[in-house]
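So you can see what is in the structure, the chains are spelled out below.
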Amino acid sequence: MEEGHKQVFVPIVTTPGGKETILGVFSKEEDSWDVMRAFLSRAAGTDIVSGNITAWEIDFVGEEGQFVLSSFDRNHCPVCDERTFWVEGDEEKARCYYPRCGAWIEQNPYDSERWDCGWPAANWDKRADSYKQAFQRLIEMRAQSKSAGNQIRMPSREAWLGERDRERRSIQKMKVDSVLDEMTED
Ligand SMILES: [Zn+2]
């Protein structure tokens, strides 16, 4: 562990009007990602449109003590059309959090010229040369499945919930639950 260079990680989500909600303050970066993803997986009922994870240096004098690690933007999914498609960073990664869809796009970690995308519900993966092309592939996947009249094999609710449970930890879940409760109360 490096001493004298401590950071905390803060996931924040934002409404169209710019109202920010802090989801927590974490000493481990991994925890801030877990909380953000747990939130996104359940954000369909909120009016949140964007978010970011910011790292803050602590015991730091001056304005340069913070920087944004990643940002998140909400969009319509090219496959299921739900507004549950979250794009990370500058189109580096995207994922649909709608339980029965799960469409995703990711830059290949070993080859920056290559992009991968997939639609787990239909068990399809494809590759592309750019984010935009990967996005187009997802649209094509949907069109093909429709024209073929294929019944897409959706994961069962239990399988979906099992996967989600692995993704989050109980304390973080409680935190997200309480934030969501506050946001959906009128
Ligand atoms: Zn989707």
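Higher on the page you've got the structure.
Computed from a prediction, not measured in an experiment: that's the story for all the values here. (Residues numbered from 1 in each chain as written. Predicted model: local features only at pLDDT ≥ 70, side-chain atom pairs only at ≥ 80, totals over all residues.)

Draft legend 1. View of the environment of Ile12. With respect to the helices and strands, Ile12 occurs in strand S1 (residues 7-14). Setting aside anything within four residues of it in sequence, one finds Ile12 in contact with Glu20, Thr21, Ile22, Leu23, Gly51, Asn52 and Thr54. (Helix = DSSP H or I, 4+ residues; strand = E, 2+ residues; numbered from the N terminus. Contact = placed C-beta atoms within 7 Å.)

Draft legend 2. Fine view of the nonpolar core. Membership of the largest hydrophobic core comes to 33 residues, with the highest contact counts inside it found for Phe39, Val79, Cys96 and Leu138. Here the element with the most residues in this core is helix H1 (residues 29-40); it accounts for five residues. Not counting residues up to four positions away in its chain, the partners in contact with Cys96 are Cys77, Val79, Cys80, Thr84, Phe85, Cys101, Gly102, Ala103 and Trp104. (Core = buried A, V, L, I, M, F, W, Y, C linked by C-beta atoms within 7 Å. Buried ≥ 20, exposed ≤ 12 C-beta atoms within 10 Å, placed from the backbone.)

Draft legend 3. Representation of the sheet that holds S1 within the structure. Here nine strands make up an open sheet; going across it, the order is S2-S1-S3-S4-S5-S6-S7-S8-S9 and the pairing antiparallel. Of all strands in the sheet, those bounded by a partner on one side alone are strand S2 (20-22) and strand S9 (124-128). Between one strand axis and the next, the sheet turns by 20° as a mean value, whatever way the strands run. Sheet topology note: the strand S8 (residues 115-119)/S9 ladder contains five bridges and is antiparallel. Note that in S9 the partner of Trp115 across the bridge is Ala128. Sheet strands touched by H1: S1, strand S3 (50-57), strand S4 (66-75) and strand S5 (85-88). Its angle to S1, the strand with the most contacts, is close to 15°. Relative to S8, helix H2 (residues 131-147) is tilted by about 20°, and along the sheet it contacts strand S7 (104-107), S8 and S9. (Pairing = 2+ DSSP bridges. Axes fitted to C-alpha atoms, helices over the stretch in contact; angles between N-to-C directions.)

Interpretation in functional terms is not warranted from these geometric data alone.
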